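So you can see what is in the structure, the chains are spelled out below.
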Amino acid sequence: MLNKEKKEIVEVLLSDRLFLYSLMHKVFGREPDAGFLDILTSEAASEAFCLLSEEEDDVMARCPRFLAQLREEAADPSFIDQVKNEYTRLFIGPARLVAPPWESVYRSKQGLLFQESTLAVRRSYQRFHMLPKAYPNVADDSAALELDFMSRLSQKALDALRAGDLDRMEQYLKGQESFLQSHLLIWIPKFLERMADSPSDILYPQMCLILNEFLIKDQKLIGEVLAMLETQES
C-alpha cells in the first residue's frame, strides 16, 4: 500500500494527466467553438500544464503565456472563425491535408489509412474493451481516438487508486506506457514535423507542439509512479 502522503501525490498527478488527456482529445477531436476555447484558456488548463513543467522555460512552463494570448485574441468575435478555418484546413479539407491526423499515414510507406498499425491500435483498444463507438466505420488510429483511449485509461487508473486497488492501477498505467511507446510517441513527432508546413499558426501547430511534449513527460511520469509502487512493495 502507498502511504497517505505518496497516495496524495499520485492522486494529484493522475488527476492532472486525466485533465490534460481529456483536453487534448477535445483539441484534436472536434471542431472548435467558444465553449472549447473557454476550457482551453482557463486557469485550470494553465495550472495543469505548469504541474508538468520541469524547467522555468520549457514548453509546459510557456503554456500559460500562450493560453493567455489566446484568451485575449478570443475577445475578437472573428477569432473563433479563424480557429475553425484552421481546423478545417488541417484536418478536414477539401484540399490535401498538410498533417493528416492518423497514425497509419506516418507508419506506412504509402501513407495510407487502415494499415497494420491501425489493427495494432485496435488490439490495444480491445484489450481494455474500449472500441470506438463508431467501430468499424472509423479509422481507429486517429489522434482524437488515441487520446480518448488514453483519457479513459487515465480515468480508470485514478478510480483504481481511489478504490485502493493498486494492482489494477498498475495494470492501467502499464497499458498506457505500452501504448505511448508503441504508438503515440512514434508518430506524433512526425505529425508535429508536418505541422511546420501549416499555412497558419493560430492554434493547432502550437497545440501539437504541446501535445508532443506532454506525451514525453507523461511517459516519464508513468515510470516514476510505477517505480514508486515497486519501492513501496520492497
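Structure's up top.
Residues numbered from 1 in each chain as written. Predicted model: local features only at pLDDT ≥ 70, side-chain atom pairs only at ≥ 80, totals over all residues. Heavy atoms only, no water.

Visitor: Would you take a moment to explain the overall build of the chain for this structure?
Guide: The secondary structure content of the chain amounts to 10 helices and 0 strands. Listed by position from the N terminus, the elements making up the chain come as α-α-α-α-α-α-α-α-α-α. For the chain, the C-alpha radius of gyration of 18 Å lies close to 17 Å, the compact-globule estimate for 234 residues. The dimensions of the chain, computed from C-alpha atoms along their principal axes, are 55 × 40 × 30 Å. (Helix = DSSP H or I, 4+ residues; strand = E, 2+ residues; numbered from the N terminus. Rg over C-alpha atoms; globule rule 2.2 N^0.38 Å.)

Visitor: I tried to follow the packing of aromatic side chains on my own but got confused; where do I start?
Guide: Think of a pair of aromatic rings as described by two things: how far the centres are apart, and how the planes are tilted against each other in angle. All chains considered together, the criterion is met by 16 aromatic pairs. Ring geometry for Tyr106 against Trp187: centres 5.6 Å apart, planes inclined by 25°, an arrangement best described as stacked. Here Tyr106, found in helix H6 (residues 103-107), pairs with Trp187, found in helix H9 (residues 166-195); they are 81 residues apart in sequence, far enough to count as distant. Note on Tyr106: relative accessible area 10%, which makes it buried. Seen from their ring centres, Phe128 and Phe149 are 6.2 Å apart, and the 55° between their planes marks the pair as tilted. With Phe128 in the loop between helix H7 (116-127) and helix H8 (143-162) and Phe149 in helix H8, this pair connects stretches of sequence that are 21 residues apart. Residue class for Phe149 comes out buried when judged on its relative accessible area of 3%. Put simply, the rings of Phe28, Tyr87, Phe91, Tyr106, Trp187, Phe191 and Tyr204 pair up and form one aromatic cluster. (Phe/Tyr/Trp six-rings, centres within 6.5 Å; stacked < 30°, edge-to-face > 60°. Buried < 20%, exposed > 50% of the residue type's maximum accessible area, 1.4 Å probe, protein only.)

Visitor: Even after reading the chapter, I still don't get the environment of Arg30, so can you show me in this structure?
Guide: One can find Arg30 in the loop between helix H1 (4-29) and helix H2 (34-40). Sequence spacing of Arg30 and Phe91 is 61 residues, and the spatial spacing of their C-alpha atoms is 9.9 Å. Among all residues touching Arg30, those that are not within four sequence positions of it are Phe36, Tyr87 and Tyr204. (Contact = heavy atoms within 4.5 Å.)

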